[in-house]
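Here's the letter readout for the chains.
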Amino acid sequence: MAVGRYVASWDEVASLDCDHIAGWGALDGYVGTVDFDDLTPAKIHIEHDRERDTISAFYFSDNGKDAEPVRSTVHLERCPCRFGGTRAFFRCPACQRRTLRLAVLKRGMLCGTCGRITWASRRETQTRRLIRKGNKIAARMGMDYFADPPKRPPHMRPETYARLLTELQPIRAEIERRVARRMAKAKGPLGGLATIVRWGL
Ligand SMILES: [Zn+2]
């Protein structure tokens, strides 16, 4: 498998958010499970050790029959807040840096840098690239935007117009397919293209 700069985005991996789990008491002696529903692993067992102030996680690397048991222990750091109290941070077991989010991976729990996790999903980056490409062709056709209804500019030769249209159509279809898939997931009330415009693409 080819390894790119990033292997996954945060919305694709199981992860622990320090503020969130602190909010429901996980960093206060909690022993029990955390569910990730449709992610892998779907569920982990965690134990907070008050004395050492560590979180240990036990889980299986995936849901298949070749799954390996994983055990990962993370130290917590409590930093004083400006207005009193403390805020907990994870200390990444690999690089020892403070982090508020850990990915739950086959290799153990890791920060975004060590786990090579990105915020922007790769699919979204590709979609943006397609939109830029589509808009470039649209501009040559005298349109403002790739999704505008195409119309041949008066001075453009019909062959040139036909060629540009042939280039634009598959790009437009692919953008719409990607957006439709994302909208199916997000279950939002907006049309897909309206959403893309709202995201400032
Ligand atoms: Zn790290």
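Just so it is clear, the model here is predicted, and its values are computed rather than measured. (Residues numbered from 1 in each chain as written. Predicted model: local features only at pLDDT ≥ 70, side-chain atom pairs only at ≥ 80, totals over all residues. Heavy atoms only, no water.)

Caption draft 1: View of the overall build of the protein. When its secondary structure is counted, the protein shows 5 helices and 11 strands. Looking at the protein alone, contacts between residues at least 24 apart form 40% of all its contacts between residues at least 6 apart. Just so you have it, the protein exposes about 12800 Å², and 52% of that area is on carbon and sulfur atoms. (Helix = DSSP H or I, 4+ residues; strand = E, 2+ residues; numbered from the N terminus. Contact = heavy atoms within 4.5 Å. Areas by Shrake-Rupley, 256 points an atom, 1.4 Å probe, with all protein chains shown as cover.)

Caption draft 2: Representation of the pairing of strand 7 (residues 86-91) within the structure. Sheet topology places strand 6 (residues 69-80) next to strand 7; 6 bridges connect them, and they run antiparallel. Within strand 7, the residue paired with Leu76 across the bridge is Phe90. With antiparallel pairing between neighbouring strands as the criterion, strand 6 and strand 7 make up a hairpin whose turn holds 5 residues, including Gly84 at a positive phi of roughly 95°. The pairing of strand 7 with strand 8 (residues 98-99) spans 2 bridges and is classified as antiparallel. Residue pairing across strands places Phe90 opposite Thr99, the latter belonging to strand 8. Between strand 7 and strand 8, which pair antiparallel one after the other, the connecting turn spans 6 residues, and Gln96 there sits at a positive phi close to 70°. (Pairing = 2+ DSSP bridges.)

Caption draft 3: Spotlight on the packing of aromatic side chains. Tallying each qualifying case throughout the model produces 2 aromatic pairs. Measuring from centroid to centroid gives 4.9 Å for Trp24 and Tyr30, while their planes differ by 85°, and the two rings are edge-to-face. Judged by relative accessible area, which is 38%, Trp24 ranks as partly exposed. Stacked on the ring of Phe89, the Lys or Arg Arg98 has its end atom at 4.9 Å from the ring centre. Note that Arg101 overlies the ring of Trp10, its terminal NZ or CZ placed 5.3 Å from the centroid. (Phe/Tyr/Trp six-rings, centres within 6.5 Å; stacked < 30°, edge-to-face > 60°. Buried < 20%, exposed > 50% of the residue type's maximum accessible area, 1.4 Å probe, protein only. Lys NZ or Arg CZ within 6 Å of the ring centre and 35° of its normal.)

Caption draft 4: Examining the coordination of the zinc ion more closely. Taken together, Cys92 (SG), Cys95 (SG), Cys111 (SG) and Cys114 (SG) make up the protein donors of the zinc ion, found 2.2 to 2.4 Å from the metal. Of note is the zinc ion, whose 4 donor atoms meet at the metal with angles of 107 to 115° in an arrangement that counts as tetrahedral. When the donor residues of the zinc ion are listed from N- to C-terminus, their spacing reads C-x2-C-x15-C-x2-C. Placement of the pair is Cys92 in the loop between strand 7 and strand 8 and Cys114 in helix 2 (residues 112-115), with a sequence separation of 22 residues. Among the residues examined, Cys92 registers a relative accessible area of 0% and is labelled buried. (Donors = N, O, S within 2.8 Å, 3.2 Å for Na, K, Ca; no water. Tetrahedral: all angles 85-135°; square planar, octahedral: opposite > 155°, others 65-115°.)

Caption draft 5: Here's a closer look at the pairing of strand 6. Here 7 bridges tie strand 5 (residues 54-60) to strand 6, and the two strands are oriented antiparallel to one another. Paired with Ala57 across the bridge in strand 6 is Ser72.

Caption draft 6: Here's a closer look at the environment of Leu130. With respect to the helices and strands, the residue Leu130 is situated in helix 3 (residues 122-140). Judged by relative accessible area, which is 17%, Leu130 ranks as buried. When the C-alpha positions of Leu130 and Ile175 are compared, they lie 6.8 Å apart, and in sequence the two are 45 residues distant. Once residues within four sequence positions are removed from consideration, Leu130 is found in contact with Ile171, Glu174, Ile175 and Arg178.

Caption draft 7: Inspection of the sheet that holds strand 2 (residues 15-17) at higher detail. Across the sheet, 3 strands lie side by side as 2-9-10; this open sheet has antiparallel pairing. In the strand order of this sheet, the two ends are held by strand 2 and strand 10 (108-110), each with one partner. Pairwise comparison of adjacent strand axes, ignoring direction, gives a mean angle of 25° for this sheet. Bridge analysis of strand 9 (residues 101-105) against strand 10 gives 3 bridges, and the strand direction is antiparallel. Along strand 10, the bridge assignment pairs Val104 with Met109. (Axes fitted to C-alpha atoms, helices over the stretch in contact; angles between N-to-C directions.)

Caption draft 8: Up close: the nonpolar core. Formed by 21 residues in total, the largest nonpolar core has its most connected members in Leu16, Ile44, Phe90, Val104 and Met109. Only helix 1 (18-23), strand 4 (43-49), strand 5, strand 6, strand 7 and strand 9 provide two or more residues apiece to this core. (Core = buried A, V, L, I, M, F, W, Y, C linked by side-chain atoms within 4.5 Å.)

Caption draft 9: Looking closely at the environment of Pro41. Here Pro41 is to be found in the loop between strand 3 (31-35) and strand 4. Accessibility expressed as a relative area gives 3% for Pro41, which makes it buried. Each C-alpha atom of the pair Pro41 and Val13 lies 8.5 Å from the other, and the pair is 28 residues apart in sequence. Apart from residues lying up to four places away in sequence, Pro41 is in contact with Ala14, Phe36, Tyr59, Phe60, Asn63 and Val104.

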